[in-house]
Amino acid sequence: NTPAIMAATRGEVDMLIALIEACADLKKRNNDGIGPVMVAVINDQLDILRLLCKYKSVERGVDLDEKESKYGNTATIVAATNGKVDMLNILIAAGADLNKGNNKGDTAAIVATTNGKVDMLNTLIAAGADLNKGNNKGDTPELVATTRGKVKKLSNLISAGANLNKRNSDGMSPVMIAVLNGELGILRLLCDYKRMGGDIDLDQGENRYGDTPMLIATARGEVEMLSALIAAGADLNKENNRGNTPA
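Here's what I pulled together on the structure shown here. Here the residue index of a chain counts from 1 through its sequence in written order. At least 70 in pLDDT is required for a residue's local features to be given in this predicted model, at least 80 for side-chain atom pairs to be given and counted, and no such filter applies to totals for whole chains, interfaces and linings, which use all residues. Each side-chain value is derived from all of the structure's non-hydrogen atoms; neither hydrogens nor water enter the calculation.

1. Some points on the overall build of the chain
How we decide: For the purposes of this entry, the term helix denotes a DSSP run of H or I that reaches at least four residues, the term strand denotes a run of E that reaches at least two, and both are numbered from the N terminus. Here the globule rule is a power law, 2.2 Å times the number of residues to the power 0.38, and the radius of gyration is based on C-alpha atoms. Buried, partly exposed and exposed residues are distinguished by accessible area as a fraction of the type maximum, computed with a 1.4 Å probe on protein chains only: under 20%, between the cut-offs, and over 50%, respectively. Contact definition: two residues touch when any of their heavy atoms are within 4.5 Å.
Helix and strand counts for the chain stand at 14 helices and 0 strands. Seen in sequence order, the chain has helices and strands lined up from the N terminus as α-α-α-α-α-α-α-α-α-α-α-α-α-α. Against the 2.2 N^0.38 benchmark of 18 Å for 247 residues, the chain shows a C-alpha radius of gyration of 22 Å, more extended than a compact globule. Along the three orthogonal principal directions, the C-alpha set of the chain runs to about 75 × 30 × 25 Å. Put simply, the chain has 247 residues, and 51% of those count as buried. Looking at the chain alone, contacts between residues at least 24 apart form 70% of all its contacts between residues at least 6 apart.

2. A look at helix H14 (residues 223–231)
Note the following rule: This arc corresponds to the set of directions leading from the helix axis out to the C-beta atoms.
Where H14 is concerned, the buried positions are Met-225, Leu-226, Ala-228 and Leu-229. Down the axis of H14, the buried side of the element spans an arc of 160°, and every buried residue falls inside it.

3. Points about the packing of aromatic side chains
Keep this limit in mind: We call Phe, Tyr and Trp rings a pair once their centres come within 6.5 Å, taking the six-membered ring for Trp, and we label the pair stacked below 30 degrees between planes, edge-to-face above 60, and tilted otherwise. Only lysine NZ and arginine CZ atoms are considered, and such an atom sits over a ring when it is within 6 Å of the ring centre and within 35 degrees of the ring normal.
All told, the structure shown has 0 aromatic pairs when counted by the stated rule. In this arrangement the basic side chain of Arg-242 is found over the ring face of Tyr-209, its NZ or CZ atom lying 4.6 Å from the centre.

4. Brief notes about the packing of helix H4 (residues 46–54) against helix H6 (residues 85–93)
Here is the rule: Helix axes use the C-alpha atoms of the stretch in contact, all axes being lines fitted to C-alpha atoms, and the angles between their N-to-C directions lie in the range 0 to 180 degrees. Put simply, angles under 35 degrees are roughly parallel, angles over 145 are roughly antiparallel, angles from 65 to 115 are roughly perpendicular, and the rest are oblique. The residue classification treats Ala, Val, Leu, Ile, Met, Phe, Trp, Tyr, Cys and Pro as nonpolar and Asp, Glu, Lys and Arg as charged. All others, Gly included, are polar.
Orientation of H4 relative to H6, taken along the N-to-C sense of each, is 5°, at an axis distance of 10 Å. In terms of orientation, H4 lies roughly parallel with respect to H6. Residue-level contacts link Leu-46, Leu-49, Arg-50 and Cys-53 of H4 to Asp-86, Met-87, Ile-90 and Leu-91 of H6. Here the contact of H4 with H6 is built from residues that sort into 6 nonpolar, no polar and 2 charged.

5. What about the side chain of Thr-76?
Considering the arrangement of structural elements, one finds Thr-76 in helix H5 (residues 75–81). Ignoring anything within four residues of it in the chain, the contact list for Thr-76 reads Leu-88, Leu-91, Ala-96, Asp-97, Leu-98 and Ala-108.

6. Points about the pattern of salt bridges
So the rule is basically this: Here, a salt bridge means any side-chain nitrogen of Lys or Arg that lies within 4 Å of a carboxyl oxygen of Asp or Glu.
Overall, the coordinates contain 6 salt bridges when judged by the stated rule. Residue Arg-188 pairs with Glu-224 through a salt bridge whose shortest N-O separation is 3.3 Å. Highlighted residues: Arg-188 in helix H12 (residues 184–195) and Glu-224 in helix H14, separated in sequence by 36 residues.

7. Observations concerning the nonpolar core
To keep things clear, this is the line we draw: Only buried residues count toward a nonpolar core. Its members are Ala, Val, Leu, Ile, Met, Phe, Trp, Tyr and Cys residues joined through side-chain atoms within 4.5 Å.
Leu-49, Leu-187, Leu-190 and Leu-229 are the most contacted members of the largest nonpolar core, which totals 72 residues. What Leu-229 contacts, discounting residues up to four positions off in sequence, is Val-175, Val-179, Leu-187, Cys-191, Leu-202, Pro-213, Met-214, Ala-217 and Ala-234.

8. Examining the environment of Asn-43
Summarising the element assignment, Asn-43 is placed in the loop between helix H3 (36–42) and H4. Apart from the residues lying within four places of it in its own chain, the contact partners of Asn-43 are Thr-9 and Lys-84.

Shown next, in the form of C-alpha cells:
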C-alpha cells in the first residue's frame, strides 16, 4: 500500500490533501489492484471519495473508472453491489462511467438489479444508466429482474423504457424466462404492459426448438400463466420448429 492508499483507507483527509499537494502518485495500486478511489468506496470513506473526485483527471492520476484486478469491478459496481447510495451519488456527480462492465460484463445496473435495493437501481435509472446493455451472457437488467422474480425492480425498469424484447445468448426473452421459472407475478406484469399497448412480443420462440411461452405454459399445465398470456393476446396457433401448436 502506498501512503495515499493508507490515508484513503483510514479516512485521513488532511494527510491525503498533503500527499496530493506534494504530487503523490495516485495511479499506483496495491497488490490487489486497488487504488485510492476503490479503497474509499470499500471502506465507506465518503469524505475521502469526495476529495478524490475533486482531483479526477488523467494528469492527477485519479481514475474513477479503474477496475480492480480480481473481478474487474469498478467503484460504481462496488457501490451498487454493497448498497452504498451516498457513494454512488458522489461518483455519478463526478462523472463516473455507469455502463462499464466487470470481467463478466455486469454493469452497475445489472448488479443493482441482482443484489441491491430498489433505491439503488432507481438512482442508476435517474442518472441515465444504460438499461439495455447485457453482460457476457446477454443478460440485461430486465432479464435479471425476471429471472430473480424482482417484480418491483422490473416494474421500475419498464417505466424507465427498458427493452422487453431483448434476448440473452440462449434466446430467452423476459416473457419466456418468466414462464420457465414459474414467475406468475412477473408474467402478469409483462402481460399487463402488453395489454396497455406496450412494446413486448409474447410469441418469441427460444433458439433451440422455437417453443413459445404459450407452448411451454401448455406443456407444463400452467393454467394461470396460459390465462394471462391469452388475455394479453398471445398467438394460440404459432408453431414451434417441429410444427407443434399449444393445442
